[in-house]
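A structural walkthrough
So you can see what is in the structure, the chains are spelled out below.
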Amino acid sequence: MDAIQIYGGNCLKGEVKIQGSKNAVLPVLAAALLINGTCEIENCPIISDVHHMLRLLESLCCVITKKNHTLKINTQNLSCCDMPSDSVGVMRSSIMLLGALLARVGSVSMQYPGGCVIGERPIDLHLQALRKMGVVIEERDDGFLAQTNGLVGAIHKLPRVSVGATENIILAAVLAKGDTIIENAAKEPEICALCDFLSMAGAEIEGAGTDRILIHGVEKLHEVSYKVPADRIVAGTYLCACLCCGGEIFLNEAPYEQMEAVIDAASHMGADIEKSTDGIKVACLERRKALPELCTEIYPGFPTDLQSAFLTALTLAEGKSVIKEEIFENRFRIVPELRKMGAIISCDGHTAVVEGQKKLNGAILDANELRGGAALVLAGSAADGKTIVYNRHFIERGYEDICSDLRKLGVRCEVVD
Ligand code: UD1
């Protein structure tokens, strides 16, 4: 059935450990290609996007061994063969292999990457930047051929902030000849994670986490062992579960420092949030309040990846909320599903207006994408009666086991195959 079944309405109580970050590990896996030898990656989340990325690495003749959440990737026999089109097609992060492969083997033929259905998500910034670094790219209807006789450093002024393009430029630049500067670079914690991994391997990078990154190209990188940081979006999703259902929970290993905008929004809704040495304590003991305006922004602003979860929590808050989506255009695809549960939401392009209700009713729902799918599971956790969320596979792209995690917090839910 590819579904999740939930009997909602319980108040939450419990503790859950936050998994390793999807958006940090995917570029790190691509970066492993730059190291001629073996890398060890600990705390790797076991999710389908990682599975697809590993399939792509194996298709490039990397040897991968897995033990629980630790991976070893040996790239000594790396060669550029045909990458499995189903894995490239489902996952936008496959574009991350481009910069790294050009650095190692000089030629890549690839179909256009896929990913969530949350907007246009073009790759023009990636391709423009690589052209500046000495890459010749021939575009076809379904993909492109990229070739270089050697990457060279360049000065990039990104016309808009892009996490993926910033990462791809970094991957192309660490072994390029000379210096590369990225202006208007993305500042997301996942950029810092990638730069930490590369720096541990001998790359010379300055300014990660600021909007100007400077990379001095080096001759080669060495083997490294790296631990993936906790996933701020998964932590934010479970924080939102508490906003939806009420109760008191502990998010073990949640990265408080990376969640300022999220914690600020949740606090304005009335949640009581406390940082401790090993995580975040969340208490929601009274009915949550509406937010007059919640606007998604680039980091350190409120993340687009948690917009759907907050939209869901706001359907149950007291008063009228306004949500503005500034990053991706199709992020309101859960609205018709939430309406089936009794939510009152009006939507106009990039803005949604939510009239908070006292309750939602269980319903049969379809997930359309990863973060929206997780938000529907939260809606089901708070709703009266039974909810079924179909298309569980979208949620499994980014959550190791959302049902097991939510059960630890007191939600009655299970996967249905
Ligand atoms: C990454 C995250 C995703 C998050 C997003 C924004 C990963 C694996 N995914 O996606 O979870 O929602 O950042 O925080 O880390 N754009 C262009 N041309 C390009 C590239 C991007 O116009 O070449 C546009 C996009 O359509 C979008 C905006 O720039 O409107 C931001 O996209 P970007 O930051 O690149 O997102 P991703 O890296 O794909």
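Here the structure is a predicted model, which means the values were calculated and not measured. (Residues numbered from 1 in each chain as written. Predicted model: local features only at pLDDT ≥ 70, side-chain atom pairs only at ≥ 80, totals over all residues. Heavy atoms only, no water.)

Describing the environment of tyrosine 226
- Examined against the element boundaries, tyrosine 226 turns out to sit in strand β13 (residues 225–227).
- When its relative accessible area of 7% is taken as the criterion, tyrosine 226 is described as buried.
- Residues tyrosine 226 and phenylalanine 197, 29 residues apart in the sequence, show an inter-C-alpha distance of 6.4 Å.
- Ignoring any residue separated from it by four or fewer positions in sequence, one finds tyrosine 226 in contact with Val28, Glu40, Ile41, Glu42, Ala193, Asp196, Phe197 and Met200.
- In terms of polar contacts, tyrosine 226 uses its side chain to reach the backbone carbonyl oxygen of alanine 193, at 3.4 Å. (Helix = DSSP H or I, 4+ residues; strand = E, 2+ residues; numbered from the N terminus. Buried < 20%, exposed > 50% of the residue type's maximum accessible area, 1.4 Å probe, protein only. Contact = heavy atoms within 4.5 Å. Polar contact = N/O pair within 3.5 Å; in protein donor to acceptor, adjacent residues only side chain to side chain.)

Examining the site of the ligand
- The full set close to the ligand counts 20 residues, and Arg92, Asp124, Ser162, Val163 and Asp305 are the nearest of them.
- Serine 162 places a side-chain nitrogen or oxygen 2.6 Å from an oxygen atom of the ligand.
- Within the backbone of glycine 164, one N or O atom sits 2.8 Å away from an oxygen atom of the ligand.
- Compared with its free state, where it exposes 740 Å², the ligand has 88% of that area covered by protein.
- If you list the elements that add at least two residues to the shell around the ligand, you get α1 (22–31), α5 (124–132) and α6 (163–173).
- If you tally residues by element for the shell around the ligand, the top one is α5, at three residues. (Near = heavy atom within 4 Å. Areas by Shrake-Rupley, 256 points an atom, 1.4 Å probe, with all protein chains shown as cover.)

Digging into the nonpolar core
- Counting 76 residues, the largest nonpolar core has Leu29, Ile170 and Leu198 as the members making the most contacts within it.
- Here the element with the most residues in this core is α1; it accounts for seven residues.
- Contacts of isoleucine 170, omitting those with residues within four sequence positions, involve Ile182, Ile191, Leu194, Cys195, Leu198, Ile205, Ile213 and Ile215.
- Core analysis: the next-biggest nonpolar cluster, separate from the first, contains 74 residues, Cys240, Ile263, Leu294 and Cys413 among them. (Core = buried A, V, L, I, M, F, W, Y, C linked by side-chain atoms within 4.5 Å.)

Quick notes on the pattern of salt bridges
- As enumerated under the stated definition, the model contains 15 salt bridges in all.
- Of the charged contacts, one joins arginine 232 and glutamate 190 as a salt bridge, the two residues approaching to 2.8 Å between their closest N and O atoms. Of this pair, arginine 232 sits in helix α8 (residues 232–245) while glutamate 190 sits in helix α7 (residues 189–200); the two residues are 42 residues apart in sequence, bridging distant segments of the chain. For the residue pair arginine 232 and glutamate 190, the accessibility class agrees, reading buried in each case.
- With its nearest N and O atoms 3.3 Å apart, the salt bridge here joins glutamate 257 to lysine 275. Here lysine 275 lies in strand β15 (residues 272–276) and glutamate 257 lies in the loop between β14 (247–252) and α9 (260–268), a separation of 18 residues in the sequence.
- What makes lysine 275 partly exposed here is its relative accessible area of 44%. (Salt bridge = Lys/Arg side-chain N within 4 Å of Asp/Glu carboxyl O.)

A word on the sheet that holds strand β11 (residues 204–206)
- The four strands lie next to each other as β9-β10-β12-β11, forming an open sheet whose pairing is mixed. Bordering the open sheet on either side are β9 (155–157) and β11, each of which pairs with just one other strand. Taken over all neighbouring pairs, the strand axes of this sheet differ in orientation by 10° on average, direction set aside.
- Strand direction decides the pairing type here: strand β10 (residues 179–183) and strand β12 (residues 212–216), joined by five bridges, are antiparallel. Along β12, the bridge assignment pairs isoleucine 182 with isoleucine 213. (Pairing = 2+ DSSP bridges. Axes fitted to C-alpha atoms, helices over the stretch in contact; angles between N-to-C directions.)

Considerations on the side chain of glutamate 337
- Looking at where glutamate 337 falls in the secondary structure, it is placed in helix α11 (residues 335–340).
- Of the polar contacts made by the side chain of glutamate 337, one reaches the side chain of lysine 340; its length is 3.0 Å.

Things to note about the sheet that holds strand β7 (residues 135–139)
- One open sheet holds the three strands; their spatial order is β6-β8-β7, and the pairing between them is antiparallel. Each edge of the open sheet carries a strand with a single partner, namely β6 (107–111) and β7. Each strand of the sheet is rotated relative to its neighbour by a mean of 15°, with strand direction disregarded.
- Here β7 runs beside strand β8 (residues 143–148); their pairing, made up of five bridges, is antiparallel. Within β8, the position partnered with valine 135 by the bridge is threonine 148.
- Where α5 meets the sheet, it contacts β7 and β8, and its direction lies at approximately 140° from that of β7.

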